[in-house]
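# Fold and contact review
Spelled out from the first residue to the last, the chains are:
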Protein chains: 2
Amino acid sequence: VGETAHHKRVVVVGAGFGGLNAAKRLSGHGLNILLVDRNNYHLFVPLLYQVATGNLGEEEIAGPLRQIFRTRRDVRFLRANVQQVDLKQRQIVTDAGPIDYDYLVLAPGSVTNYFGNRAIQQQAYDFKALDDAAALRSHVLDMFERATHAANPEQQQALMTFLIVGGGPTGVEFAGALAELVRHTLRRDYAQLPMQQAKIYLVEGLPSLLAPFPDRLRQYAQRRLERLGVEVRLNTLVSAVEGEHVQLKDGTNIRAATLVWAAGVQAPPLIETLDAPKACGGRVSVAPDLSLVDHPEVFVVGDMAYREQDGQPIPQLAQPAIQGGHYVAEVIRRQRERGEQVPPFRYHDPGTMAVIGRFAAVAALPVLSLKLTGIVAWAIWLVVHLYQLVGFRNRIVAMLDWGYDYVRFDPPVRLITGGTAEQTLAISQKE
Amino acid sequence: VGETAHHKRVVVVGAGFGGLNAAKRLSGHGLNILLVDRNNYHLFVPLLYQVATGNLGEEEIAGPLRQIFRTRRDVRFLRANVQQVDLKQRQIVTDAGPIDYDYLVLAPGSVTNYFGNRAIQQQAYDFKALDDAAALRSHVLDMFERATHAANPEQQQALMTFLIVGGGPTGVEFAGALAELVRHTLRRDYAQLPMQQAKIYLVEGLPSLLAPFPDRLRQYAQRRLERLGVEVRLNTLVSAVEGEHVQLKDGTNIRAATLVWAAGVQAPPLIETLDAPKACGGRVSVAPDLSLVDHPEVFVVGDMAYREQDGQPIPQLAQPAIQGGHYVAEVIRRQRERGEQVPPFRYHDPGTMAVIGRFAAVAALPVLSLKLTGIVAWAIWLVVHLYQLVGFRNRIVAMLDWGYDYVRFDPPVRLITGGTAEQTLAISQKE
């Protein structure tokens, strides 16, 4: 439709941080860009856990892609699942048909790594998709509803016990938000329940939470979580899950009706089937310009690109993906198309942050050599995250929701929706 | 929990307009009130169709019940399905166990009437539940996504054809909102699609739309809908549905991938099994004080209460339910408990309204004998509906969403969520 033969086609797979920013930066330079994603929206994954605790509505962290690219005539969007990449034919195979490319930007993101444990995969909630986060919100509230008419105290205790695996930023942030939800909001909503019995465990295999953060910040985070009532278990792993019975490697048995998994990521099926050299974690080893060594017309950005910098792998975070997306757009436009020189990709770490609760966060900002905790870190977190949300409406509503919650302890979304009933029926009927 | 034997127990079944207002009005008078609903929220059903068109987020039209009743210590909430009423034992049976009552207020609302047609029931969307409205929003957007890569022009036409059955307020309001979504918003989002081919049919068995409204308002509504491109078919019914092929009684065949049913309501299973005299539509015939003739301790309010007034049945709308809820609370508190005289229930019609689109609505206000159309009716509609939403946050966000949409033609929620893919796969693969 309106495409002319001399416009080269760039196909961008994935509309996460990497793909979205690649498509934006490619636009306006005489290329014909096709953005492909299974969802019709860009998802702000770092705030998914706030959908799970009812602090934000689903639509607040999602930006409809057709709206985002409405004014850019050279970017088209296709909602499809990409099943395969045929590097030789320069073609991707999707459930909406095959698509040829001149340049390919692969930014599929990662999926949750359950380390091959099917029982955990079937039972655990994770933080990757919007539907799953909304389902977790419904599930958490559902557990308290069921606890009000539990058959016996043991069942009630299990319904009010939450086990979070993974002490990285996602696990820490969710544990903090869940603890505040239980302590401040649900304690009032469920006045008839013995809420002091509600238990939140945070399990981490390493000797500390938030491993990549400076030591002082890690200790602060743990202290704040414990003050909120979260039971932090370090140096241990989940060894077995059978229904609501979870066994830890250190011998502890915990009966929890809710298992949340934030303990690692792995390559999605599309990358697993890609015929290219892989590094650890199934990531694709890329050249200094983020292209495949044997296929300079194919680029990988974000979680699935493996590249070391100063002896360390570039981390799997939003920032490297955004910078990678911008970078490959430059390489395609300036180097590949116009023969200009573009220096190798270099990730500039603007800092990492994690919020633990109301007025409590940690922020490590290498640019200014700052290591912040408490309300200052929290204020920076708030401004940065509001700014990053897509769309004026989402920023205003998120600001309103957070403000209202901070003042009134009333997260706005406390609805049990979707088919949680069937999913959890097994647990409540086991007694 | 804290209940004393001399406090009589009032069980209220259903937290819609009738039940919610009964429970509120019963509170604070030495009674022990239990509100039972399958959902943990009160749903503002008249605006469900706006969730289906993306104009409002799901949480904006739902108020969490535990939050609503937090400060009322004498009202408890139980999230459960009520399966049966045992009038003799004065007990309701729920999936959370049996519950005894001294007084029972039945306010279960109604379910959609498909007139026994299973094919329609399986395929059609309706406006009764929050999940279904969100699923319809995802479905509508999904149809346009699929239309961008349809196998042939006939399939594309079917994907862009929407058949709405029922010309009452719900059908009219949804048809108008859908037409505006397609004309203003999706036309820009799907620039590659021939959007002038998108078709919206509104089918009604009676000779006019909005049957209970005054004649001038009915004609205005039809004219405005037609100006928006809606094809109104009066005096006809759906005779058969087979996949996406819909046949009308007047002989027309329409190929539509979307069927929306707003053509009538009937009694929910709970009322069907209730051992009490029924009137037309499976509604329960009630005494002048809305109680059962043989069981003065049991009341029915809302859609399921059948009572004639001035020779006409009281309509199945939000207002009679709200007034009925307030009324039975008075009867229980003052007449049954204190022996005071309470006059029979009398419904006071404050007026009916329907919005057709931007700045276009009809309002019949009998109190002032006003029959309004256009921007004045629309402004009244807006104020009344904003006022009726539960909660400060929801009013502000709805105002923001409507304002933004009116100015920018950008409804805030354009996300395809949930499992629409499987549901509609059959249609797209039939070609």
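Since the model is a prediction, treat every value here as computed from it, not as a measurement.

## Focus on the environment of Gly324 of chain B
One can find Gly324 of chain B in helix H10 (residues 318-338). Sequence-distant contacts of Gly324 of chain B, defined by excluding residues within four places in its chain, comprise Leu290, Val301 and Phe345 of chain B.

## Examining the packing of helix H11 (residues 374-388) of chain A against helix H12 (residues 392-408) of chain A
Residues and elements named next belong to chain A. The N-to-C vectors of H11 and H12 enclose an angle of 150°; their axes lie 9 Å apart at closest approach. Judged by the angle between their axes, H11 and H12 are roughly antiparallel. For the pair H11 and H12, contact is made by Trp378, Trp381, Leu382, His385, Leu386 and Tyr387 and by Arg395, Ala398, Met399, Trp402 and Tyr406, respectively. Of the residues belonging to the contact of H11 with H12, the class tally is nine nonpolar, one polar and one charged.

## Quick word on the pattern of salt bridges
What the rule picks out here adds up to 46 salt bridges over all chains. Its salt-bridge partner being Arg358 of chain A, residue Glu180 of chain A comes within 3.6 Å of it at the nearest N-O pair. Remark: Arg358 of chain A occurs in the loop between strand S25 (352-357) and strand S26 (360-365) and Glu180 of chain A occurs in helix H7 (residues 169-189); sequence separation between them is 178 residues. Given the relative accessible area of 12%, Glu180 of chain A is considered buried. For Glu330 of chain B, the salt bridge goes to Arg25 of chain B, with nearest N and O atoms at 3.9 Å. Residue Glu330 of chain B is located in helix H10, and its partner Arg25 of chain B is located in helix H1 (residues 17-26); the two are separated by 305 residues in the primary sequence. Assessed through its relative accessible area of 33%, Arg25 of chain B is described here as partly exposed. The network of salt bridges with common partners includes Arg25, Glu330, Arg333, Arg334, Arg338 and Glu340 of chain A.

## Digging into the packing of aromatic side chains
All names here are of chain A. Enumeration according to the criterion identifies 20 aromatic pairs over all chains in this entry. Following the ring pairs from residue to residue traces out a cluster consisting of Phe144, Phe162 and Tyr190. In this structure, Arg395 is placed above the aromatic ring of Tyr387, and the distance from its NZ or CZ to the ring centre is 6.0 Å.

## Comments concerning H1 of chain B
All names here are of chain B. Most of H1 sits inside the fold, with eight of its ten residues counted as buried. If you check which residues of H1 are buried, you get Phe17, Gly18, Gly19, Leu20, Asn21, Ala22, Ala23 and Leu26. Immediately beyond the C-terminal end of H1, within one or two residues, lies Gly28, with a positive phi of roughly 90°.

## Considering the sheet that holds strand S15 (residues 245-248) of chain A
Residues and elements named next belong to chain A. An order of S14-S15-S16 is seen for the three strands of this open sheet, with the pairing classed as antiparallel. On the outer flanks of this sheet lie strand S14 (238-242) and strand S16 (253-255), each paired with one strand and no other. Between one strand and the next, the sheet's axes are offset by a mean angle of 20°, whatever the strand orientation. Two strands pair when backbone bridges link them, and S15 and S16 are joined in this way by three bridges, in the antiparallel orientation.

## Re the relation of the copies chain A and chain B
Each copy superposes on the other: chain A lies on chain B with an RMSD of 0.0 Å after a rotation of 180° and an axial shift of 0.0 Å. Such a combination of turn and shift is consistent with a two-fold rotation axis. For chain A, the residue whose C-alpha comes nearest the rotation axis is Val397 of chain A, separated from it by 3.3 Å. A shared binding surface is used by both copies, with 100% of the interface residues of chain A retained as interface residues in chain B.

## Some points on helix H11 (residues 374-388) of chain B
Residue and element names in this part refer to chain B. Relative to the 21 Å expected for 15 residues at 1.5 Å per residue, H11 spans 21 Å between its end C-alpha atoms, a close match to the ideal helical length. Among all positions of H11, only Gly374, Ala377, Trp378, Trp381, Leu382, His385 and Leu386 are buried. The arc that holds every buried residue of H11, seen down its axis, measures 160°, which confines them to one face. Away from the buried face of H11 by more than 90 degrees, exposed residues Val383 and Tyr387 are located.

## Remarks on the interface of chain A and chain B
Tallying the contact residues gives 44 residues for chain A and 44 residues for chain B. Here chain A packs against chain B, burying approximately 4,200 Å² in sum over the two surfaces, 50% of which is carbon and sulfur. It is Arg66, Arg70 and Arg79 of chain A that lose the most area in chain A upon contact with chain B, and together they represent 18% of the buried surface on that side. For the interface between chain A and chain B, the tally reads 26 residue pairs in polar contact (both at pLDDT 80 or more). Counting residues per element, the ones that place at least two in the side of chain A that touches chain B are strand S4 (62-64), helix H3 (65-68), strand S5 (75-79), helix H5 (130-147), H7 and H12 of chain A. In the side of chain A that touches chain B, the residues fall into 18 nonpolar, nine polar and 17 charged.

## Observations concerning the pairing of strand S2 (residues 32-37) of chain A
All names here are of chain A. For S2, a buried count of six out of six residues is recorded, marking the element as mostly surrounded by other parts of the structure. Where strand S1 (residues 9-13) and S2 come together, five bridges link them in parallel fashion. Across the sheet, the residue bridging to Val11 is Leu34, located in S2. As a crossover connection, the stretch from S1 through helix H1 (residues 17-26) into S2 is right-handed. Note: S2 against S5, five bridges, orientation parallel.

## Things to note about the packing of H12 of chain A against helix H12 (residues 392-408) of chain B
Axis separation between H12 of chain A and H12 of chain B bottoms out at 11 Å; the angle between their running directions is 170°. Comparing the axis directions of H12 of chain A and H12 of chain B gives the class roughly antiparallel. On H12 of chain B, the residues that touch Phe392, Arg393, Ile396, Val397, Leu400, Asp401 and Tyr404 of chain A of H12 of chain A are Phe392, Arg393, Ile396, Val397, Leu400, Asp401 and Tyr404 of chain B. Grouping the constituent residues of the contact of H12 of chain A with H12 of chain B by class yields ten nonpolar, no polar and four charged.

## A look at the side chain of Gln323 of chain A
Residue and element names in this part refer to chain A. Within the fold, Gln323 resides in helix H10 (residues 318-336). With relative accessibility at 17%, the residue Gln323 sits in the buried group. Of the polar contacts made by the side chain of Gln323, one reaches the backbone oxygen of His348; its length is 2.8 Å. Setting aside its immediate chain neighbours within four residues, Gln323 contacts Phe345, Arg346, Tyr347, His348 and Pro350.

## Brief notes about the sheet that holds strand S12 (residues 199-203) of chain B
All names here are of chain B. The parallel open sheet is built from four strands, whose spatial order is S13-S12-S11-S17. Looking at strand neighbours, the two that pair on one side only are strand S13 (230-233) and strand S17 (258-261), the edges of this open sheet. Neighbour-to-neighbour, the strand axes of the sheet open up by a mean angle of 20°, direction not taken into account. Of the pairings in the sheet, the one linking strand S11 (residues 161-165) to S12 comprises five bridges and is parallel in character. If you follow Ile164 over to S12, its bridge partner there is Leu202. Relative to S17, helix H5 (residues 130-147) is tilted by about 155°, and along the sheet it contacts S11 and S17. Each of S12 and S13 is contacted by helix H8 (residues 215-227), which is oriented at about 140° to S13, the strand it contacts most.

Each value, and the rule that gives it
- Residues numbered from 1 in each chain as written.
- Chains lettered and ligands numbered in written order.
- Predicted model: local features only at pLDDT ≥ 70, side-chain atom pairs only at ≥ 80, totals over all residues.
- Heavy atoms only, no water.
- Helix = DSSP H or I, 4+ residues; strand = E, 2+ residues; numbered from the N terminus.
- Contact = heavy atoms within 4.5 Å.
- Axes fitted to C-alpha atoms, helices over the stretch in contact; angles between N-to-C directions.
- Parallel < 35°, antiparallel > 145°, perpendicular 65-115°, else oblique.
- Nonpolar A, V, L, I, M, F, W, Y, C, P; charged D, E, K, R; others polar.
- Salt bridge = Lys/Arg side-chain N within 4 Å of Asp/Glu carboxyl O.
- Buried < 20%, exposed > 50% of the residue type's maximum accessible area, 1.4 Å probe, protein only.
- Phe/Tyr/Trp six-rings, centres within 6.5 Å; stacked < 30°, edge-to-face > 60°.
- Lys NZ or Arg CZ within 6 Å of the ring centre and 35° of its normal.
- Pairing = 2+ DSSP bridges.
- Least-squares fit on C-alpha atoms with pLDDT ≥ 70 in both.
- Expected span 1.5 Å × (residues − 1).
- Arc of directions from axis to C-beta.
- Buried area = accessible area lost by both parts, 1.4 Å probe.
- Polar contact = N/O pair within 3.5 Å; in protein donor to acceptor, adjacent residues only side chain to side chain.
- Right-handed = clockwise from strand over helix to strand, strands pointing away.

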